[in-house]
Structure formats: C-alpha cells, structure tokens
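So you can see what is in the structure, the chains are spelled out below.
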Amino acid sequence: MNKHIAHIFSYTFLLASPLMAMEEPIDVPDSDKISITGLKREHVVQALWVNASGTGNAEIARAYMPTATFPLPTQEEARQFSSKSTGSYFMGRKMPIAFGEDSFGGYGYNMNHGPNRAQKVIEALRILAEKGDVTEAALKKLYVPVLDEVLKIEWAKMNALIAKGEMERTFPMHTNLTAIKDADCVGLTMAMDLNGEQTKGAQEFAKGLAGHYMGRGTNTTQTPAPTPTTTPPPPSTKEDAVSTPPLSNKFEEDMKAGLQGMFGGKSEKKKNIKK
C-alpha cells in the first residue's frame, strides 16, 4: 500500500471541512504561464508541494498544518500527478496547477499560497539544478516564504477598514492572518537543517498546533453546563478559568515536547541535541 494513503485518509475530513477563508482573495498581478524548460516535472511538483502552505488563504493554511509531517512525495508519485491535465489536491495539499509541454499555469497556486509563490519556487529550483543539487534532502528544505508580502497587503486592507470605522470587519481577517502565520512558521521549521531528535521535536510541535486548528482544543473533563434556573449562576471564578484551558492538555504537551525537542530545555528526560 502507498505509504501516504493512511496519512491522507486521516486528514480527508479536515481538507473537506468548510473552514473560514480570508475575507478577500489576494489580488496581485502575475503571469499565468510559468516556464519549466530544463527542469524535470517531478522535481517541479515536489518543490511546489513543499511550498503549498496556504500563505494566500487561511482555509488552505489550516488544512496544510496536519500534512507538515508527511514525507516528501516520491518522484514517481510526482510524475503521475504532473501527467494529469489538471490537478487539485496532491498528497493532502492544494495544488491547482495544469501542466503544458514546458510550462504550467500558476495563477491558482499563487492565489492559494501567496503572491508569485510559484515563480519564486521555480527560480529557487533552477538555482539548485544549476548546482546539480536537486536531491530529496535539498527539496525538503526548498521552502520559499512570501509571508511579508501577504502581511503588507492584508494590513493595508485592515487599515482601510479601520479608517472607515468598520473595525468589526477586521476581526476575522486578523484571525485568519494568525492561522497563515502559524502555517508559515511550521513550513519554515520543517525546512530547517535539523538532526534526528530535533526533527522529531518539530513534528510533535506541528502535530500539536494542527490539533488546535482541527478544533480538538477543548478540555473533555470540564464540568457540564448546569440546568437553567430562575436564579442566575454565580460568576466564573479564577479556578474555573484555569481548569478549562483553550487547548487540551494533550496538545499543550505535544507542542511543549516539540519545542523542547527542537531547542532543548528542562524536561524529565535529558535530550542530546546537537549544538
């Protein structure tokens, strides 16, 4: 059985869920046809998959985070995807690209993953190819962030709304930008040059963060709501607030363990992290 199938089935429900997207699509000019002359299609697909982090769309960013620990698709899997006339999802990530003979359409990809992201990924891949370094290890690290450009665009939109007195419209936009920034952080982390223990820590952190966005961040042991009565219930106490954290203990521990694994820190077990 394909090594990715079990992973993809696990997250199908997340990819299909109607999560909130950004209020408006990012509207930036770019060329729809991107030349890949001199590059192998499978390498192009692998590089685009690594960068399919949803930087242009909060819904896609949330769906990306659970896939951060997936292994890099094989060249054969990438080849099969590139042979299709059109593509939508590939190995759990949004990949709306259509290949021609020596080019592909990048508009849909850029709308989902950030302004001119596809062009920048191809430029970075060409640099690797010129060095003769298009290896699996190099492709895993080929993460090209465009977050600063997205933030500039979205903050301008929010400032315009604030100036018009429409503050409430900026709240969901800010929430969505938080998800996009978290996804970008995960992408950058997984592309770092980590040793075995640090890689495991990064995966634990990504799983914990993904768990939060999958809506499992409630405490399953909290006290059920009381039956309504004519007497108003007493105000919540400080102890009540402490006993019902926004994240469950499990995901808090996953994220904590992940950070310790990446950067070291106090824990019950000593970790041998390379400096």
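Residues numbered from 1 in each chain as written. Predicted model: local features only at pLDDT ≥ 70, side-chain atom pairs only at ≥ 80, totals over all residues. Heavy atoms only, no water.

Moving on, we get to the overall build of the chain. Regarding its fold elements, the chain presents twelve helices and four strands. Expressed as a percentage of the 275 residues in the chain, the buried residues total 43%. Partitioning the contacts of the chain with sequence separation of at least 6, the portion at a separation of at least 24 is 76%. Carbon and sulfur atoms make up 57% of the accessible area of the chain, which totals about 15300 Å². (Helix = DSSP H or I, 4+ residues; strand = E, 2+ residues; numbered from the N terminus. Buried < 20%, exposed > 50% of the residue type's maximum accessible area, 1.4 Å probe, protein only. Contact = heavy atoms within 4.5 Å. Areas by Shrake-Rupley, 256 points an atom, 1.4 Å probe, with all protein chains shown as cover.)

What follows deals with the packing of helix α2 (residues 41-50) against helix α4 (residues 75-82). In a packed pair of helices, the relevant descriptors are the angle between the two axes and the axis-to-axis distance. The contact between α2 and α4 brings their axes to 8 Å, and the two run at 95 degrees. One element, α2, and the other, α4, form an angle in the roughly perpendicular class. Contacts from Arg41, Glu42, His43, Val45 and Gln46 in α2 reach Gln75, Ala78, Arg79, Phe81 and Ser82 in α4. Residue composition of the contact of α2 with α4, by class: three nonpolar, four polar and three charged. (Axes fitted to C-alpha atoms, helices over the stretch in contact; angles between N-to-C directions. Parallel < 35°, antiparallel > 145°, perpendicular 65-115°, else oblique. Nonpolar A, V, L, I, M, F, W, Y, C, P; charged D, E, K, R; others polar.)

On to the nonpolar core. Grouped together as the largest cluster of nonpolar side chains are 31 residues, with contacts concentrated most on Val44, Leu48, Trp49, Met95, Ile97 and Phe104. Of all the elements in the fold, those that place two or more residues in this core are α2, α4, α6 (117-131) and α7 (136-140). Every residue in contact with Phe104, bar those within four places of it in the chain, is listed here: Asp32, Lys33, Ile34, Ile36, Val44, Leu48, Ile97, Ala98, Phe99, Ala118 and Ile122. Ala61, Leu161, Ala183 and Val186 belong to the second largest nonpolar core, which has 21 residues in total. (Core = buried A, V, L, I, M, F, W, Y, C linked by side-chain atoms within 4.5 Å.)

Taken together, Ile162, Met167 and Phe171 make up a surface patch of nonpolar side chains, about 290 Å² in accessible area. Looking at where Ile162 falls in the secondary structure, it is placed in helix α8 (residues 147-163). The class of Ile162 is partly exposed, set by a relative accessible area of 41%. (Patch = residues over 30% accessible without salt bridge, like charges linked within 9 Å, V, L, I, M, F, W, Y side chains within 5 Å. Salt bridge = Lys/Arg side-chain N within 4 Å of Asp/Glu carboxyl O.)

Let us look at the environment of Leu147. Counting through the fold element by element, Leu147 comes out in helix α8. Leu147 sits 37 residues away from Asp184 along the chain, and the two C-alpha atoms are 7.2 Å apart.

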